[in-house]
Amino acid sequence: MKTSLKIFLLAAALSVMSGCSAQKRAERHVRKAVSLCPELVQVKAHPIDTVLTAPGYADCTTVPLMEVLQGKTVYAPTDHGTVVVKLRPDSTLKVGFVADPMPIRYKDTINYAQVVVPVNMEKASGGSAWIWIGCILLGIVIGFVRLIWIALKVKIHE
């Protein structure tokens, strides 16, 4: 029975200590700070400016017929690419168009809320963080010592 009481006290201490994650505690503190001082929250905008490339438009041009009839491949540049013309041996005309890439610009803005801490507040709380960590660790050690001391001194009568 004495052993089960010790196990119960240690399990209770561990469950109390690991009851909430650090991230949830931090979020709760930020929400509380924002509710006490709403001017800490500033709405920021992050612009997005992206350049994409896409195939260009179809185009037309004129080519000299005599060069094509001589069997040469004729390349005729246009504003949006190059037209390629060639006469095949079976007397068919092959016409192709190679498009230049065309830049496309995409612009957008993302709005989000950001908590801003003034510079003078950061300097005031800079050194006291280690003191708080030390106090918390000391409290945990003292709590464990008291639980173990209570578990050893308790006498259970049956």
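Residues numbered from 1 in each chain as written. Predicted model: local features only at pLDDT ≥ 70, side-chain atom pairs only at ≥ 80, totals over all residues. Heavy atoms only, no water.

Caption draft 1: Molecular detail of the sheet that holds strand S3 (residues 81–87). Within the open sheet, the three strands sit side by side as S2-S3-S4. Their pairing is antiparallel. Strand pairing shows two members of the sheet lacking a second neighbour, strand S2 (74–77) and strand S4 (93–99), which therefore form its edges. The average undirected angle you get between the axes of adjacent strands in this sheet is 20 degrees. Pairing of S2 with S3, which is carried by four bridges, proceeds in the antiparallel orientation. Paired with Val74 across the strands is Val85, a residue of S3. (Pairing = 2+ DSSP bridges. Helix = DSSP H or I, 4+ residues; strand = E, 2+ residues; numbered from the N terminus. Axes fitted to C-alpha atoms, helices over the stretch in contact; angles between N-to-C directions.)

Caption draft 2: Local environment of the nonpolar core. Counting five residues, the largest nonpolar core consists of Val68, Val74, Ala76, Val83 and Val85. Secondary-structure elements contributing two or more residues to this core are S2 and S3. For Val74, the contacting residues outside a window of four places in its chain are Val63, Pro64, Glu67, Val68, Val83, Val84 and Val85. (Core = buried A, V, L, I, M, F, W, Y, C linked by side-chain atoms within 4.5 Å. Buried < 20%, exposed > 50% of the residue type's maximum accessible area, 1.4 Å probe, protein only. Contact = heavy atoms within 4.5 Å.)

Caption draft 3: Structural context of the pattern of salt bridges. Under the definition given, this model contains one salt bridge. A salt bridge links Arg105 to Asp49, with the nearest nitrogen and oxygen atoms 3.3 Å apart. Separated by 56 residues along the polypeptide, Arg105 in strand S5 (residues 101–115) and Asp49 in strand S1 (residues 41–55) bring together distant segments of the chain. Accessibility expressed as a relative area gives 46% for Asp49, which makes it partly exposed. (Salt bridge = Lys/Arg side-chain N within 4 Å of Asp/Glu carboxyl O.)

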